[in-house]
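# What the coordinates show
So you can see what is in the structure, the chains are spelled out below.
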Amino acid sequence: MIVPMSRVRIMGPRDRLDETLVTLQDFGRVQLDRIPGDGDLRAAATSRRVDRDRRALRRMLDDADAAIQLLAVPAGPEAAVAPARSRLAEWARLARRCRRQAEALRAREHALADERAVLGRYQGFFDAFRVLLAELADAQHLRAYGVMLPASERARVESLADALRAELRVEVIVTSRTLQSGDIAVLIAVPVEARERMERAFGAARIAEVPLPAGYADQSLTEAAPAILARLDEIPRLVAELLDQRRVLAERWGSELRTIRASAADLLSTAAATDLSVSTAHAFVIEGWLPRADMPRLQSMIDQRLGADLVVEELARDEWHGAAAPVVLSNPRLFKPFETLTSLMPLPAYGTIDPTPFVAVGFPMLFGMILGDVGYGLMLGALAALMLWRGKGIWRSLGQISLACALFTVIFGVLFGEFFGTLGRALIGMQPILFDRENAIIAAIVAAVGIGLVHTMLGLVLGMLTSRGKPRIVVSRAVQLAMMVVIVLALLSAVQVLPSRLFGPLGMVALIGFPILLFLEGIIAPIEFFSTLSSVLSYVRIMALGTASVLLAAVANDMVGVFGSVLVGVIFALLFHLVNFAMGVFSPTIHALRLHYVEFFKQFYSPGGRPYEPFRHGEPRRASTRGIS
Amino acid sequence: MTVLWVPVSAALVMSVAALATAWAQSRIGAAGAAALAEKPELSTTAVIMLAIPETVAILGFVVAVMIVLRGGG
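### Thoughts on the overall build of chain A
Scanning chain A from terminus to terminus reveals 19 helices and 11 strands. Taken over the C-alpha trace, chain A has a radius of gyration of 38 Å; the compact-globule value for 629 residues is 25 Å, which it surpasses by more than 25%. With respect to the three principal axes, the spread of C-alpha positions in chain A is 110 × 90 × 50 Å. In chain A, the share of contacts with a sequence separation of at least 24, taken over all contacts with a separation of at least 6, comes to 76%.

### Brief notes about helix H17 (residues 524–538) of chain A
Between its terminal C-alpha atoms H17(A) stretches 21 Å, which fits the 21 Å expected from 15 residues at 1.5 Å a residue. Listing the buried residues of H17(A) in full gives Ala525(A), Phe529(A), Thr532(A), Ser535(A), Val536(A) and Ser538(A). In a view along the axis of H17(A), the buried residues occupy a sector of 165°, so they form one face of it. For H17(A), the exposed residues lying more than 90 degrees away from the buried face are Ile527(A), Phe530(A), Ser531(A) and Ser534(A). Looking at the buried residues of H17(A), the elements they touch are helix H14 (441–466), helix H15 (471–494), helix H16 (503–521), helix H18 (541–558) and helix H19 (566–600) of chain A together with helix H3 (54–71) of chain B.

### Some words on the confidence of the model for chain A
Residue and element names in this part refer to chain A. Confidence in the prediction of chain A, expressed as mean pLDDT, is 84, and 96% of residues score 70 or more. Averaged over each element, pLDDT in chain A is lowest for strand S3 (residues 42–43) (61) and highest for helix H10 (residues 356–371) (93). Note on residues 621–629: pLDDT under 50 across the span, and 24 contacts to partners over four residues away in sequence or across chains.

### Details of the nonpolar core
Ala448(A), Val540(A) and Ile542(A) are the most contacted members of the largest nonpolar core, which has 66 residues in total. Filtering out sequence-adjacent residues up to four positions away, Val540(A) remains in contact with Ile445(A), Ala448(A), Val449(A), Ile58(B), Leu59(B) and Val62(B). One finds Ala185(A), Val186(A), Leu187(A) and Ile228(A) within the second-largest nonpolar core, a separate group that totals 24 residues.

### Points about the packing of H18(A) against H19(A)
All names here are of chain A. Running from N to C, H18 and H19 cross one another at 170°; their axes reach a closest spacing of 9 Å. Relative to H19, H18 is oriented roughly antiparallel. Side by side, H18 and H19 meet where Arg541, Leu545, Ser549, Leu552, Ala553, Val555, Ala556 and Asn557 of the first sit next to Ala573, Phe576, His577, Asn580, Gly584, Ser587, Pro588 and His591 of the second.

### Description of the sheet that holds strand S6 (residues 184–191) of chain A
To summarise the sheet geometry, strands pair through backbone hydrogen bonds and adopt either a parallel or an antiparallel arrangement. Residues and elements named next belong to chain A. Ordered by their spatial adjacency, 3 strands build an open sheet running S4-S6-S5, and the pairing between neighbours is antiparallel. Every other strand in the sheet has two partners, leaving strand S4 (142–149) and strand S5 (173–178) as the edge strands with one partner each. Averaged over all adjacent pairs, the angle separating strand axes in this sheet is 20°, with direction ignored. Looking at chain direction, S4 and S6 are connected through 8 bridges and run antiparallel. Bridged to arginine 143 within S6 is valine 190. Helix H4 (residues 130–138) contacts S4, S5 and S6 of the sheet and is inclined by roughly 150° relative to S4.

Procedures and definitions
- Residues numbered from 1 in each chain as written.
- Chains lettered and ligands numbered in written order.
- Predicted model: local features only at pLDDT ≥ 70, side-chain atom pairs only at ≥ 80, totals over all residues.
- Helix = DSSP H or I, 4+ residues; strand = E, 2+ residues; numbered from the N terminus.
- Rg over C-alpha atoms; globule rule 2.2 N^0.38 Å.
- Contact = placed C-beta atoms within 7 Å.
- Expected span 1.5 Å × (residues − 1).
- Buried ≥ 20, exposed ≤ 12 C-beta atoms within 10 Å, placed from the backbone.
- Arc of directions from axis to C-beta.
- pLDDT = per-residue confidence, 0-100.
- Core = buried A, V, L, I, M, F, W, Y, C linked by C-beta atoms within 7 Å.
- Axes fitted to C-alpha atoms, helices over the stretch in contact; angles between N-to-C directions.
- Parallel < 35°, antiparallel > 145°, perpendicular 65-115°, else oblique.
- Pairing = 2+ DSSP bridges.

As structure tokens, then:
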């Protein structure tokens, strides 16, 4: 449900505004709101000095935030404090210094990581020729060159030697190794005097020398190889040193940075709250929203801390009629996890209906109708238990939702007589109580459309409740509801469930509804009505997906007798059941959600709610809309 | 002759409905992927949007079943 809110007005002597704001921040449940200036009332004026101070606070908060993030400072218990002005300047310098040091450390870490990535590309080559390169380094009369060839050009190694000898007319040593990647590393050694002609020789052989990385480009291959390998050995040690420096910094300044961050955030949110107050020469007024149930606590806290100088009054509903009160959702423990599903939609507007309780009942039921299998239900239940056991936060909520879905899946599995598809019938003689989904397709269609009809009609009733105060819309929804009932009765008489002579009169009654809809809401109403009818038909997907699921399960069971070997058949059947289970969890989730979001919600849901952002300690203007208790 | 046309009609209905769904989903999927690159928080909306055209395939399936059951195929 949407928590009823109160709009509160607090008035008092102007010189007590600051301590009032501190009290409200400690209370942490009031969302302050702008009030229009009226007569002598005017918003608090800001001076250049105040603006400058706020910019400095914002910079300090940014610096502390960045330093905490870069130094990986863990969360701590530090709370905001009210510092003296001189202390603030000290904090600003400290936050800036910590940020710069942290950024410098991070930049060096990145530079070392980049260097390691670049040099690492040469490691395979140098490792392959480590001994040979050491020997060539001693042979002053030879100069070494490195070449890489793709695996497909292995045959070129021999012809390469011949081509170089022909071009240079000197003895050439060519050695090759196959690297882990499959590429061919080739080491070429030629007499020093042939160095000038090597570029032309490479051109003639249509190959390119492996370029050495920047910083080593002026060295020969035999000089660069040991230097690069030594550097590669050194980099992890340097990275460890940097991490150590970062840890020392975090330990030294972490606590202070957290205090700076909390205090700066508090000061900034207090400054924003001051802007929302209005005042005369002697008095101030602030207004805000809070859950109605918190009103007595606020009153007593202000009385206790600030005495009788302050007036706290709750504004009557007609004084703020039309104003957008913030929306806070509050649901019983059983329904609370389903707020995860409704939170995927925009917040409902204040004064309308929170769809969470309806989703909490409808979603697992539709899911269970689609999957409807005792075996799959038990598997899902086990998965849900695992999520509840190990999961936290969102995973715990998903575990609770999955448990509800598993329960309905087992219930409908019993009603449809399914245990891993047809296995229950073959093994333990399970029989369908409602109908057999594999064969009774018409019955499944009728059941699905029937559920759709009930769900859509519930949506129309909720739409009437949401639109109270707009009589034309309420009457239009009622007419649509009546027309749907009449159309259903006409269809039942057409298939002779009801006497067939009723078909004509019922059809006439249904037709009378159209001019009434036209009169009430114009051309849009009949179009909406047809759209509502198509929404009902959309529920037929419950049958389609369910039938597909049971047929796939039956195919999995049939695999046991197909492969000759029972063991192989059972393994394939299990794998197929696993795939069907995965599909059977994903597909009903999407379609049950879609039936709620698209078909059900459109009958009554009014988005546009304003998030609840109470004035409290911590981040300035942080939204806290769901899960109030 | 009717015996031949019943399964052919059912297959035609199902395949045209499936192709139409596939075409619509390809367009929505491409747009959804582009939107997700900009706003990853839209992932659930994108998946729901992707499921919307499946109504066509599902209704095609229902019509095909009707053809088979009523036509005696």
